[in-house]
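Coordinates in review
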Amino acid sequence: MAAGDSSCLLDTYCSPLASRYASPEMCFMFSDRNKFRTWRQLWLWLAEAEQPSAHPLIENIPCSWPPGAGICIFCCCFWTERALGLPITDEQIQEMKSNLDNIDFKVAAEEEKKLRHDVMAHVHTFGHCCPKAAGIIHLGATSCYVGDNTDLIILRNAFDLLLPKLARVVSRLADFAKKHANLPTLGFTHYQPAQLTTVGKRCCLWIQDLCMDLQNLTRIRDDLRFRGVKGTTGTQASFLQLFEGDHNKVEQLDKMVTEKAGFKRAFIITGQTYTRKVDIEVLSVLASLGASVHKICTDIRLLANLKEMEEPFEKQQIGSSAMPYKRNPMRSERCCSLARHLMGLVMDPLHTASVQWFERTLDDSANRRICLAEAFLTADTILNTLQNISEGLVVYPKVIERRIRQELPFMATENIIVAMVKAGGSRQDCHEKIRVLSQQAAAVVKQEGGDNDLIERIQADAYFSPIHSQLEHLLDPSSFTGRAFQQVQRFLEEEVYPLLKPYASVMEVKVELTL
């Protein structure tokens, strides 16, 4: 169901991920229509690979080498019998092709209620609209042929939806970091004032985590392997029987279906299912992405409290039903809320993989229906939301400057001591003088609620007269940010922009949040 779809029945529970948050394209990815249509596509690919006709393994290459004669000495294509000897006609294949989208969900539901088996229910449903092909649908296969292979196809395609969205978030934040690379701001360690950094440098901390996520998602996506055509316990025994003991034909069948599904390779070893370690890897990188987003949006929420930075706020947006003045960081709060859910989902495949008895047990099925879909829908939601946030971040330099002025005098004490020593003073004497004045200034701030007046005290003390003319320079915030600006420039040029190059064609896509 697409996000915001009013067809969601008001009298029954609907997942907020589907009805409220996630994008229509990700919702469709995990829809019944997409799943069962992919089942039919897999049955078609299996039948096409099993049907009797000779052709080169590398298609669309004209070749006159005799069919069945092995490797052509001219173009090196390999002729094989797609005949793997089974009586499947072109008419049956065409009938299946014509009915891939002709799914009668009412009939399928009735069949499943009767058979208590979803795959066989859809075998029969497909057979109802393909009477000529009904007898060869699912030939030699087990339920996991369509179930697991479909899951792998959907996982791969879902990654393909997420990766451009993550790249766009990185790109928007990179623009923000570049713009504010040289804007000094108070740094924090332990959420206590620390040395200055810059707004752009802090943003690069966020970007670095997201770049690691982009690389990890890409790696797991590219490492996905097809389950392939393996049979009931993964031994391919049923297919070996179909092809009368011809091991080469069984291997060619597995290879051909794998290629049709768009995978570079399939597992050599499986039980009835592909190893559930794959699901752990998939949800682990998504959970790691959730942790990155949670950290970023927590920082934004804290900065909103300090009034240094805010997420976008619509003209008619209401921050509080009781307090009209409030501008709550609701988008960042949503990201944090959903990121916690995403991080927690990785526990499901961990437990599932640990209890897969022998060649398989069915206690994974119901759990996987929930956690795999929810992980991708949740990741999709937080990336859409974070892109929206990153496209409209607002910075308040005057507030930042005021906070720096409150803290910088304490941070500048070391520079003042060095300047006094250069002017002929004693390091120890100067240290004691500044210690006393600092304590006095701190008392004004903490006990009286006043401003930090340390510099005024130094200016009024004759001991510091040799450097009074240098104080303005010694208190220039830009002199306290180190190499932050240079680090931002180098990081963006050497690490971020090269990583975004494959996504150049999709960078201009905007995201609209309905809620």
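Just so it is clear, the model here is predicted, and its values are computed rather than measured.

**As for the layout of surface pockets**
One number sums up the size of the largest pocket: a volume of about 1,100 Å³. Lining the largest pocket are 36 residues, with D32, K35, R368, R369 and I370 sitting closest to its centre. Listing elements by their share of the lining of the largest pocket, those giving two or more residues are helix 3 (32-50), helix 6 (118-129), helix 7 (143-179) and helix 14 (365-390). Tallying contributions element by element places helix 14 first for the lining of the largest pocket, with 8 residues.

**Here's the deal with the packing of aromatic side chains**
Enumeration according to the criterion identifies 9 aromatic pairs in this entry. Among the aromatic residues, ring-to-ring pairing joins F36, W39, W43, F105 and F126 into one connected group. Note that R276 overlies the ring of Y274, its terminal NZ or CZ placed 4.8 Å from the centroid.

**So, the confidence of the model for the chain**
In the predicted model, the chain carries a mean pLDDT of 90, and the fraction of residues at 70 or more is 89%. Every residue in residues 64-83 scores below 50 in pLDDT, and together they form 53 contacts with partners more than four places removed in sequence or on other chains.

**Focus: empty space enclosed by the protein**
Under the criterion given, the structure shown has 2 cavities of 30 Å³ or more. If you trace the largest cavity, you find it lined by A304, E310, E311, P312, F313, R327, N328 and P329. Here the residues of the lining of the largest cavity are counted per class, giving 4 nonpolar, 1 polar and 3 charged. For the second largest cavity, the calculated volume is near 30 Å³. Considering the residues around the second largest cavity, the lining is formed by T185, V199, R202, L303, E308, M309 and I400.

**Examining the pairing of strand 3 (residues 184-189)**
Note that strand 3 and strand 4 (residues 192-198) share 5 bridges and pair antiparallel. Counted as the bridge partner of P184 is T198 from strand 4. Count of turn residues in the strand 3/strand 4 antiparallel hairpin: 2 residues, of which H190 carries a positive phi of about 60 degrees.

**Brief notes about unusual backbone geometry**
Phi at H138 is positive, roughly 75 degrees, even though this residue is not glycine. By the element assignment, H138 lies in the loop between helix 6 and helix 7. Judged by its relative accessible area of 13%, H138 falls in the buried class.

**A few points about the packing of helix 7 against helix 20 (residues 484-500)**
Orientation of helix 7 relative to helix 20, taken along the N-to-C sense of each, is 160 degrees, at an axis distance of 11 Å. Considered as vectors, helix 7 and helix 20 are oriented roughly antiparallel to each other. For the pair helix 7 and helix 20, the sense of crossing is left-handed. Facing A167, V170, S171, A174, A177 and K178 of helix 7, the residues of helix 20 in contact are V488, L492, V496, Y497 and L500.

**A closer look at the environment of S23**
Structurally, S23 can be placed in the loop between helix 1 (16-21) and helix 2 (24-29). For S23, a relative accessible area of 6% translates into the label buried. With 490 residues separating them along the chain, S23 and L513 place their C-alpha atoms 9.4 Å apart. At 3.2 Å, the side chain of S23 and the side chain of K165 are in polar contact.

The rules we used
Residues numbered from 1 in each chain as written. Predicted model: local features only at pLDDT ≥ 70, side-chain atom pairs only at ≥ 80, totals over all residues. Heavy atoms only, no water. 1 Å grid on protein atoms, 1.4 Å probe; cavity = no way out; pocket = protein on both sides within 12 Å on 5 of 7 lines; lining within 4 Å. Points joined across faces, edges and corners; volume = space filled by probe spheres on them. Helix = DSSP H or I, 4+ residues; strand = E, 2+ residues; numbered from the N terminus. Phe/Tyr/Trp six-rings, centres within 6.5 Å; stacked < 30°, edge-to-face > 60°. Lys NZ or Arg CZ within 6 Å of the ring centre and 35° of its normal. pLDDT = per-residue confidence, 0-100. Contact = heavy atoms within 4.5 Å. Nonpolar A, V, L, I, M, F, W, Y, C, P; charged D, E, K, R; others polar. Pairing = 2+ DSSP bridges. Buried < 20%, exposed > 50% of the residue type's maximum accessible area, 1.4 Å probe, protein only. Axes fitted to C-alpha atoms, helices over the stretch in contact; angles between N-to-C directions. Parallel < 35°, antiparallel > 145°, perpendicular 65-115°, else oblique. Left-handed = near helix turned anticlockwise from the far one by under 90°. Polar contact = N/O pair within 3.5 Å; in protein donor to acceptor, adjacent residues only side chain to side chain.

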